[in-house]
Amino acid sequence: MREVEMTVPHLFRCPISLDLFTDPVTLCTGQTYDRSSIEKWLAAGNLTCPVTMQKLHDPSLVPNHNLRHLIQQWRQMDHRFGPDYFTAIDPLVSLKHCLQSPQSTFQEKLEALQKIQLLTDQTPSTNPFLIQIGFLPLLLQLSFQMVDPEFSQDYMNFVEQGLTCVLKLLPYGELESLNMLKQDSKLESLVVLFEHGSIIMKQSLCHLVGVISSSSSTRELCAMIGKHPRFLNLIVCIVNQNNEASETGIKAISALCCLESNRGKLVQQGLIDALVTYILNSERSLAAMAMAILEQVLGIERAKEALIKNPNGVKAVVKMVFRVSDHEGSESAVNSLMMVCRESLEAREKAIVAGVLTQLLLLLQSQCNGRTKTKATTLLKLL
């Protein structure tokens, strides 16, 4: 038995009990412990991470399924791994220690993060190892810790690289790690980064919102973001900006709309006007997605009123009824017009002035699906 204990790799031992992990869980600091050991530590009134001694703002324990699976593999292989495994893992452990250590300078941490980003870009096979060691919660913690009010270039580089690495690792990790953003301070950091950060940071944060909105394990966090008017206003505003972040903004809004409660809040922050502006720019590649969002929120009375009130609102929807390039968005446009025209004479008049009759006739002569043609015929009768 003693011989088996001595052959247990360091990575597979709980830092508290020094025994082989049986139920590994990861803290927000990125450090992994055996569940029973860390629960005893917390039950004793300790509010810090035993290894890093960082204060635990979020005491949640996220199961480290990747490490558990790796230990099972190791056991099945009679407690042996090839030398390549530890050749790959040891440098990563050193990089993690550098990022965690209070003794490391900011420049040393920045250099460590640059190496990690290089690995995630050029050697994706290392990503599962990074997850096993607990890099995902650590990188989230570092990216959303106290914001540098001066937004120095080094700080911007650090956060940009941290967020890029997080997005690369998320497909391999446990999305529950994202729930650390439910802390008020972390959520505020997310908003400030979005407000003052670079285009790259805004794009990464939009992608992150998309991931948060896509998982049932982070649904509560999605709802919390939807209750943050400042953030919703910022993400709506970015759609109006003619830059690379506009499209990621549309995708993030589409994801946030998975919750009905978020739709009304987005409408309150001017979503309808932003979508109209986006759709009217014919070069925008996600016009069909913007049209689908518009259809989704038009079940809200305030959204209908905003669309009709906007001088170009109905015109933008009419434009999407038929496009020579493709039929994406046509059905959403027809549905949207039916919703606003059914009860509004003003909307019907605006649609006719915008050329909806011609658009519908062109659509009926096109190769669009039968369902869309049926709806187009119904709209013609309504008009």
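These numbers were taken from a predicted model, which means no experiment stands behind them. (Residues numbered from 1 in each chain as written. Predicted model: local features only at pLDDT ≥ 70, side-chain atom pairs only at ≥ 80, totals over all residues. Heavy atoms only, no water.)

A.B. asks: Just to check I follow, could you spell out the nonpolar core for this structure?
C.D. replies: The tendency in soluble globular proteins is for nonpolar side chains to be buried as a group. Ranked by size, the top nonpolar core spans 122 residues in total, and within it F135, I235 and L294 carry the most contacts. A total of eight residues in this core trace back to one element, the largest contributor, which is helix α8 (residues 153-169). When residues of this core are assigned to domains, at least three fall in each of domain 1 (1-82) and domain 2 (270-382). Residues contacting L294, with those up to four places away along its chain left out, are I272, L275, I279, L307, V317 and S336. (Core = buried A, V, L, I, M, F, W, Y, C linked by side-chain atoms within 4.5 Å. Buried < 20%, exposed > 50% of the residue type's maximum accessible area, 1.4 Å probe, protein only. Helix = DSSP H or I, 4+ residues; strand = E, 2+ residues; numbered from the N terminus. Domains from an automatic or database assignment. Contact = heavy atoms within 4.5 Å.)

A.B. asks: Mind showing me how you'd approach helix α18 (residues 313-321) here?
C.D. replies: Residues lying three or four places apart along an α-helix face the same way, a consequence of the helix completing one turn every 3.6 residues. For α18, a buried count of seven out of nine residues is recorded, marking the element as mostly surrounded by other parts of the structure. Among the residues making up α18, those that are buried are G313, V314, A316, V317, V318, M320 and V321. On its buried face, α18 is in contact with α15 (271-280), α16 (287-297), α17 (301-309), α19 (330-341), α20 (345-353) and α21 (356-364).

A.B. asks: Can you walk me through the confidence of the model for the protein in this structure?
C.D. replies: Where the model shows low pLDDT, its predicted coordinates should not be examined in detail. With 93% of its residues at a pLDDT of 70 or more, the protein shows a mean pLDDT of 87. Highest mean pLDDT in the protein belongs to α17 (96); lowest belongs to helix α1 (residues 2-6) (42). (pLDDT = per-residue confidence, 0-100.)

A.B. asks: Where do I start with helix α3 (residues 65-76) in this structure?
C.D. replies: For α3, spanning twelve residues, the distance from its first C-alpha to its last is 16 Å, which sits close to the expected 16 Å at 1.5 Å a residue. Inspection of α3 places L67, L70, I71 and W74 among the buried residues, and these make up the whole buried set. Buried residues in α3, looked at end-on, bunch into an arc of 100°, giving them a common side. The N-terminus of α3 is capped by N64, whose side-chain oxygen sits 3.0 Å from the backbone nitrogen of L67. (Expected span 1.5 Å × (residues − 1). Arc of directions from axis to C-beta. Polar contact = N/O pair within 3.5 Å; in protein donor to acceptor, adjacent residues only side chain to side chain.)

A.B. asks: What am I meant to see in the layout of surface pockets here?
C.D. replies: Rolled over the atoms, a probe as big as a water molecule pinpoints where empty space is left. Estimated volume of the largest pocket: approximately 480 Å³. The wall of the largest pocket is formed by 21 residues, among which H10, Q31, V51, K96 and Q100 lie closest to the centre. Among the elements that make up the lining of the largest pocket, the one with the highest residue count is helix α4 (residues 83-100) (four residues). When grouped by side-chain class, the residues that make up the lining of the largest pocket number ten nonpolar, nine polar and two charged. (1 Å grid on protein atoms, 1.4 Å probe; cavity = no way out; pocket = protein on both sides within 12 Å on 5 of 7 lines; lining within 4 Å. Points joined across faces, edges and corners; volume = space filled by probe spheres on them. Nonpolar A, V, L, I, M, F, W, Y, C, P; charged D, E, K, R; others polar.)

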